[in-house]
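Observations on the three-dimensional arrangement
What follows is each chain in one-letter form.
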There are 2 protein chains.
Amino acid sequence: MDETSKAIIEQLQQDGRRSYAAIGKAVGLSEAAVRQRVQKLVDSKVMQIVAVTDPLQLGFKRQALLGIKSTGDIIATADRISALPEVDYCVVVAGPSDIIAEVICANDEDLLRIITEIRSVEGVRETETFMYLSLRKQEYNWGTR
Amino acid sequence: MDETSKAIIEQLQQDGRRSYAAIGKAVGLSEAAVRQRVQKLVDSKVMQIVAVTDPLQLGFKRQALLGIKSTGDIIATADRISALPEVDYCVVVAGPSDIIAEVICANDEDLLRIITEIRSVEGVRETETFMYLSLRKQEYNWGTR
DNA sequence: AGTGAAACGACCGTAGA
DNA sequence: TCTACGGTCGTTTCACT
């Protein structure tokens, strides 16, 4: 991970489909060299190039973060929560909660159903719900500040 | 947003650099038609194709979610928090906190400095810190379940 | 790890249904 | 909004440094 690879990542954070040739010009490398580096970055999972979508525009009108307190094995509980398809994000944390999970769903009814489902997961002792009202910032281009 | 566009999105969630021709084969459309639809999806901000990186492998060893209680105008407070470069994610929520923000930084020292900085932002009344221990799930391909 | 060159495939603009 | 097609540009492979 040198400065050149960081410069390549920065280019791809702006536009994931930018051509290797164009990136090469920007960072001062041949097209083939850029391609090899990108390949390595993707293979080693430092970076992935993916489509990120806007939930609201795809008809998913409700999102929430759940703070969860667990009994017993926190990781096992977190992994059971992660297995639910409506959970798109799950992390074990140190703080007032043990686990934070994000859920995405169509409407209030679905949200309530999913929260109920999570509260019935083995190891879940208590949940707090933070319902999304307004997303103010979502950045993917930190690390190249 | 019809089923075909969803199929295209699904392809690009798997690999953001997949060729339009290959996507066309998969969804039963010509290369040009795929290209036009992708263009529209990106222009209308339904989707963006970007590099998503792994903080740990780029030397950012600490991440945390902050639950923030605000006085006065919550949106104004959230936007002041969003303006900080170490904050990569910020959302106004209904629940025990008013705002949830995610911060990414190099080490404990930086994390403490950033939390202190956020606590000094106008409108911030109280903060709770959830320090990341283990990320268990991070999906970008919901919406095509 | 990097370059350069030639063959191949992808992408883009335009025309037409 | 789609397909078809031709010109241009990007990507791939390979030999070489």
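First things first, this report covers the structure right here in the doc. This one's a predicted model, so the numbers in the text were calculated from it and none came from an experiment.

Cut-off values and rules
Residues numbered from 1 in each chain as written. Chains lettered and ligands numbered in written order. Predicted model: local features only at pLDDT ≥ 70, side-chain atom pairs only at ≥ 80, totals over all residues. Heavy atoms only, no water. Contact = heavy atoms within 4.5 Å. Buried area = accessible area lost by both parts, 1.4 Å probe. Polar contact = N/O pair within 3.5 Å; in protein donor to acceptor, adjacent residues only side chain to side chain. Helix = DSSP H or I, 4+ residues; strand = E, 2+ residues; numbered from the N terminus. Pairing = 2+ DSSP bridges. Axes fitted to C-alpha atoms, helices over the stretch in contact; angles between N-to-C directions. Core = buried A, V, L, I, M, F, W, Y, C linked by side-chain atoms within 4.5 Å. Buried < 20%, exposed > 50% of the residue type's maximum accessible area, 1.4 Å probe, protein only. Near = heavy atom within 4 Å. Nonpolar A, V, L, I, M, F, W, Y, C, P; charged D, E, K, R; others polar. Salt bridge = Lys/Arg side-chain N within 4 Å of Asp/Glu carboxyl O. Phe/Tyr/Trp six-rings, centres within 6.5 Å; stacked < 30°, edge-to-face > 60°. Lys NZ or Arg CZ within 6 Å of the ring centre and 35° of its normal. Least-squares fit on C-alpha atoms with pLDDT ≥ 70 in both.

What follows covers the interface of chain B and chain A. Opposite the 63 residues of chain B that make contact, chain A presents 63 residues. Of the roughly 6,100 Å² buried at the junction of chain B and chain A (both faces included), carbon and sulfur atoms supply 59%. Summed over the three residues of chain B that lose the most area to chain A, namely R17, K137 and W142 of chain B, the buried surface amounts to 14% of that side. Run the count over chain B and chain A and you get 43 residue pairs in polar contact (both at pLDDT 80 or more). Mapped onto the side of chain B that touches chain A, the elements with two or more residues apiece are α1 (3–14), β1 (47–53), α4 (74–82), β3 (87–94), β4 (99–105) and β5 (124–138) of chain B. A per-element tally of the side of chain B that touches chain A places β5 of chain B first, with 11 residues.

Sheet strands pair by backbone hydrogen bonding; their relative direction is either parallel or antiparallel. Pairing in this closed barrel of eight strands is antiparallel, and the strands run β2(A)-β4(A)-β3(A)-β5(B)-β2(B)-β4(B)-β3(B)-β5(A) around the ring. Averaged over all pairs of adjacent strands, the angle between strand axes in this sheet comes to 35°, irrespective of strand direction. Inspection of the sheet shows strand β3 (residues 87–94) of chain A paired to β5 of chain B by six bridges, in the antiparallel sense. Looking across to β5 of chain B, one finds that V91 of chain A is bridged to L135 of chain B. Its contacts with the sheet place α4 of chain B against β5 (124–138) of chain A together with β2 (62–70), β3, β4 and β5 of chain B, and it is angled at close to 165° to β3 of chain B.

On to the nonpolar core. One broad rule of soluble globular proteins: the nonpolar side chains tend to lie buried together. L12, V38 and M47 of chain A together with L12 and M47 of chain B are the most contacted members of the largest nonpolar core, which has 32 residues in total. Within the residue set of this core, elements represented by two or more residues are α1 (3–14), α2 (20–27), α3 (31–43) and β1 (47–53) of chain A together with α1, α2 (20–27), α3 (31–43) and β1 of chain B. Beyond its immediate chain neighbours, meaning those up to four positions away, M47 of chain A contacts I9, L12, V38, L41 and V42 of chain A together with A51, V52 and T53 of chain B.

Here we come to the protein's contact with DNA strand D. Of all residues adjacent to DNA strand D, which total 13 residues, the nearest are Y20, E31 and R35 of chain A together with S30 and R37 of chain B. Backbone atoms, meaning sugar and phosphate, form 72% of the atoms of DNA strand D found within 4 Å of the protein. In the environment of DNA strand D, a phosphate oxygen lies 3.3 Å from a nitrogen or oxygen atom belonging to the backbone of A21 of chain A. Listed by contribution, the elements that provide at least two residues to the surface near DNA strand D are α2 and α3 of chain A together with α3 of chain B. A per-element tally of the surface near DNA strand D places α3 of chain B first, with five residues. Of the residues assigned to the surface near DNA strand D, the class counts are five nonpolar, three polar and five charged.

This part takes up the pattern of salt bridges. Residues and elements named next belong to chain A. Scanning all chains against the criterion turns up 16 salt bridges over all chains. Residue R113 pairs with D110 through a salt bridge whose shortest N-O separation is 3.8 Å. With R113 and D110 both in helix α5 (residues 108–119) and three residues apart, this pair spans about one turn of that helix. Among the residues examined, R113 registers a relative accessible area of 41% and is labelled partly exposed.

Across all of its chains, the model carries two aromatic pairs over all chains by this definition. Ring geometry for F60 of chain A and W142 of chain B: centres 5.5 Å apart, planes at 75°, overall edge-to-face. Taken together, the residues F60 of chain A in the loop between β1 and β2 (62–70) and W142 of chain B in the segment after β5 connect one chain to another. Residue class for F60 of chain A comes out buried when judged on its relative accessible area of 16%. Its end group placed over the ring of Y20 of chain A, R17 of chain B keeps NZ or CZ at 4.2 Å from the ring centre.

All right, on to the relation of the copies chain B and chain A then. For the pair chain B and chain A, the superposition axis carries a translation of 0.0 Å, the fit reaches an RMSD of 0.0 Å, and the rotation angle comes to 180°. In short, the pair behaves as if placed about a two-fold rotation axis. Residue by residue, 100% of the interface of chain B is reproduced at the interface of chain A, so both copies engage with the same surface.

Moving on, we come to the pairing of β2 of chain A. All names here are of chain A. In terms of burial, β2 is largely enclosed, as seven of its nine residues are buried. Bridge count for β2 against β5 is seven bridges, and the pairing is antiparallel. Pairing of G67 across the sheet is with E128, part of β5.

Position of A76 of chain A relative to the elements: it lies in helix α4 (residues 74–82). Note: C-alpha distance between A76 of chain A and E122 of chain A (46 residues apart in sequence) is 9.1 Å.

The next subject is the protein's contact with DNA strand C. In the vicinity of DNA strand C, the contacting residues are R17, S30, A33, Q36, R37 and K40 of chain A together with S19, Y20, A21, E31 and R35 of chain B. Restricting the count to atoms of DNA strand C within 4 Å of the protein gives a sugar and phosphate share of 67%. Interatomic distance of 2.6 Å between a side-chain N/O atom of R37 of chain A and a phosphate oxygen of DNA strand C. Here a base oxygen of DNA strand C sits 3.4 Å away from a polar atom, N or O, in the side chain of R35 of chain B. Among the secondary structure elements, those contributing two or more residues to the surface near DNA strand C are α3 of chain A together with α2 and α3 of chain B. Sort the elements by how many residues they give to the surface near DNA strand C and α3 of chain A lands first, with four residues. For the surface near DNA strand C, the residue count by class is three nonpolar, three polar and five charged.

Bear in mind that shape data such as this cannot, by itself, settle questions of function.
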